[in-house]
Number of protein chains: 2
Amino acid sequence: MHRHCRSSSLARTWSTLRARIRRLQHASPVTSPIDATAVNVPLRFIATKSHRAMSTATPAPELQEPHILRKSVIASANWVSLKKIEWVDPRGVARSWETAERTTRSGDCDAVAILALLKGGSKPTETVLTLQYRPPVDKLCVELPAGLIDKGETAEEAAVRELKEETGYHGNVVRTTGIQVNDPGLTNANMKLCILDVDRTLPDNRHPVATPEDGEFIDRRLVPVRELLAKLEAFQQEGLAVDARLMHLAIGLNLSGFLTDTADGSS
Amino acid sequence: MHRHCRSSSLARTWSTLRARIRRLQHASPVTSPIDATAVNVPLRFIATKSHRAMSTATPAPELQEPHILRKSVIASANWVSLKKIEWVDPRGVARSWETAERTTRSGDCDAVAILALLKGGSKPTETVLTLQYRPPVDKLCVELPAGLIDKGETAEEAAVRELKEETGYHGNVVRTTGIQVNDPGLTNANMKLCILDVDRTLPDNRHPVATPEDGEFIDRRLVPVRELLAKLEAFQQEGLAVDARLMHLAIGLNLSGFLTDTADGSS
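Reading the values: rules and limits
- Residues numbered from 1 in each chain as written.
- Chains lettered and ligands numbered in written order.
- Predicted model: local features only at pLDDT ≥ 70, side-chain atom pairs only at ≥ 80, totals over all residues.
- Heavy atoms only, no water.
- Helix = DSSP H or I, 4+ residues; strand = E, 2+ residues; numbered from the N terminus.
- Buried < 20%, exposed > 50% of the residue type's maximum accessible area, 1.4 Å probe, protein only.
- Contact = heavy atoms within 4.5 Å.
- Areas by Shrake-Rupley, 256 points an atom, 1.4 Å probe, with all protein chains shown as cover.
- Phe/Tyr/Trp six-rings, centres within 6.5 Å; stacked < 30°, edge-to-face > 60°.
- Axes fitted to C-alpha atoms, helices over the stretch in contact; angles between N-to-C directions.
- Parallel < 35°, antiparallel > 145°, perpendicular 65-115°, else oblique.
- Left-handed = near helix turned anticlockwise from the far one by under 90°.
- Nonpolar A, V, L, I, M, F, W, Y, C, P; charged D, E, K, R; others polar.

> Looking at this model, I keep getting lost on the overall build of chain A. Mind explaining?
In terms of helices and strands, chain A carries seven helices and 12 strands. Buried positions account for 58% of the 267 residues belonging to chain A. Summarising the internal contacts of chain A: among those between residues at least 6 apart in sequence, 55% fall at separations of at least 24. Only carbon and sulfur atoms are counted for the fraction: they give 52% of the accessible area of chain A, which is about 10400 Å².

> Sorry, what's going on with the environment of Gln-64 of chain A here?
Residue and element names in this part refer to chain A. Tracing the backbone through its elements, the reader meets Gln-64 in the loop between helix 3 (49–54) and strand 1 (67–76). Given the relative accessible area of 7%, Gln-64 is considered buried. C-alpha separation for the pair Gln-64 and Leu-240, spaced 176 residues apart in sequence, amounts to 45 Å.

> Any chance you could explain the packing of aromatic side chains here in plain terms?
Describing an aromatic ring pair means giving the distance of the ring centres and the angle of the ring planes. Throughout the structure, instances matching the rule amount to four aromatic pairs over all chains. Between Trp-87 of chain A and Tyr-133 of chain B the ring centres are 5.5 Å apart and the planes differ by 40°, which places this aromatic pair in the tilted class. Of this pair, Trp-87 of chain A sits in strand 2 (residues 80–88) while Tyr-133 of chain B sits in strand 5 (residues 126–134), placing the two residues on different chains. Classification of Trp-87 of chain A by relative accessible area gives buried; the value is 4%. A residue is classified by how much of its surface remains accessible, and Tyr-133 of chain B, at 9% relative accessible area, is buried. Grouped by ring-pair contacts, the aromatic residues Trp-87 and Trp-97 of chain A together with Tyr-133 of chain B constitute a single cluster.

> I keep staring at the side chain of Ser-81 of chain B and nothing clicks. Help me out?
For Ser-81 of chain B, the location among the structural elements is in strand 2 (residues 80–88). Look past the residues within four positions of Ser-81 of chain B in its chain and what remains in contact with it is Leu-82 of chain A together with Ala-75, Ser-76, Thr-99, Ala-100, Glu-101 and Thr-103 of chain B.

> What am I meant to see in the packing of helix 6 (residues 228–237) of chain A against helix 7 (residues 244–253) of chain A here?
All names here are of chain A. Two numbers describe how helix 6 lies on helix 7: the axes approach to 8 Å, and their chain directions differ by 140°. As judged from the angle between their axes, helix 6 and helix 7 are oblique. Along this stretch, helix 6 crosses helix 7, giving a crossing that reads as left-handed. Listed contacts from helix 7 to Leu-228, Leu-229, Leu-232, Glu-233 and Gln-236 of helix 6 are Leu-246, Met-247, Leu-249, Ala-250, Ile-251 and Leu-253. Among the residues forming the contact of helix 6 with helix 7, the class breakdown is nine nonpolar, one polar and one charged.

Here it is as structure tokens:
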């Protein structure tokens, strides 16, 4: 049975799924019977492939869109609340999930992180990292400059402000990503990443002065972008914690060495 | 006053800080009076630079290592608990922080994510992404295959198992990162990333069959690694949520276009 979808975002998701599947057929090579069933099946079947993979030759039952029945607050503190989600899976089975949510979100995005690219002069492109003690992990953490987006503020405005506050550098936004979800199995916390160009030759950027908020104690480190992964591994070996998003960016930057094909896609 | 550090991990962090600073002097160019004070100051001053930056010419008071006084459980559910951390900042000010913790961690690492590199044959290197509904964000999410590390299991064993369960592919681990913290301002949740080589020419990998756990409905998509960022942006435009770690990896993979210097570091 095809249930009415009670979530607008979920409705958007499902209503665009068929179009996505059509468009991505070439992008997502069909390499197995499982994928083969994916590209033209009725919308309600889209979540069934892994089920079919483990099922017998008998056809799978019709599946429905998963949807949330209700969310209840288990506990709400000043900045974080713990909630229980009761939802219905694609087979119609009622299930529950627990999630942590920030209480501070004003728009559709919690935070922005800043990848600053320091250019100008003869030095290679550098980026600036922040080092600060993080109570949740009880360690000094290596991260990209970042902060929560204030009410009425755009991600780009927050990025320029936070980079200046945390590192003293003034930059110009050259790119902003779409919303990314930080840890979707645990929380709805999300973010955008802004890439900022920082002109090292500007007077303000020669002697940058950070202006942290009360209670912020943020150290900074400049690292040549091409050496980012090696520097992060050095931080880890010395007992510091490294943010997963920053580490993944560094791994992507170094991934060419793991690929057998060339940049033009040929083998 | 130099307080005794009550946290072993924090103790490790601070005890290695002087060595790190010494080693990273060349890696982290001293470009401002702030950084200049960083490299040879007494250990207890390491967190004071941003304070100094906003202070007057009068010397900053001696700072101490931040440390946790106590952690109390606000609420604990089946999989997630919400806790209040009372901690002392580098200026000796008592502060509180709220954090969400998984109740499932058995070792020092919660989870593993898998970057599978499908090689062999004439096609370019591909990776496999998972699509699954995530109640915390109420959307279909695009992620790397991933899962919690079982008790007594290594990250590598979990990576091979989860890749097989979620996608049907069998791979061999070629690299494992150190522990990465997912969202250190909000949670202690952490992970390792394993890079696995998958031989597309093996019979088992020609027609991979996923074996998801009960309640898992996981779709998969193969994407040429070099097209990863464009594909993720296409998913976002179609209303799907993209995991921040995956997105950052794709941005790193495409970062060369934003750099003014060449791979050998020259401008």
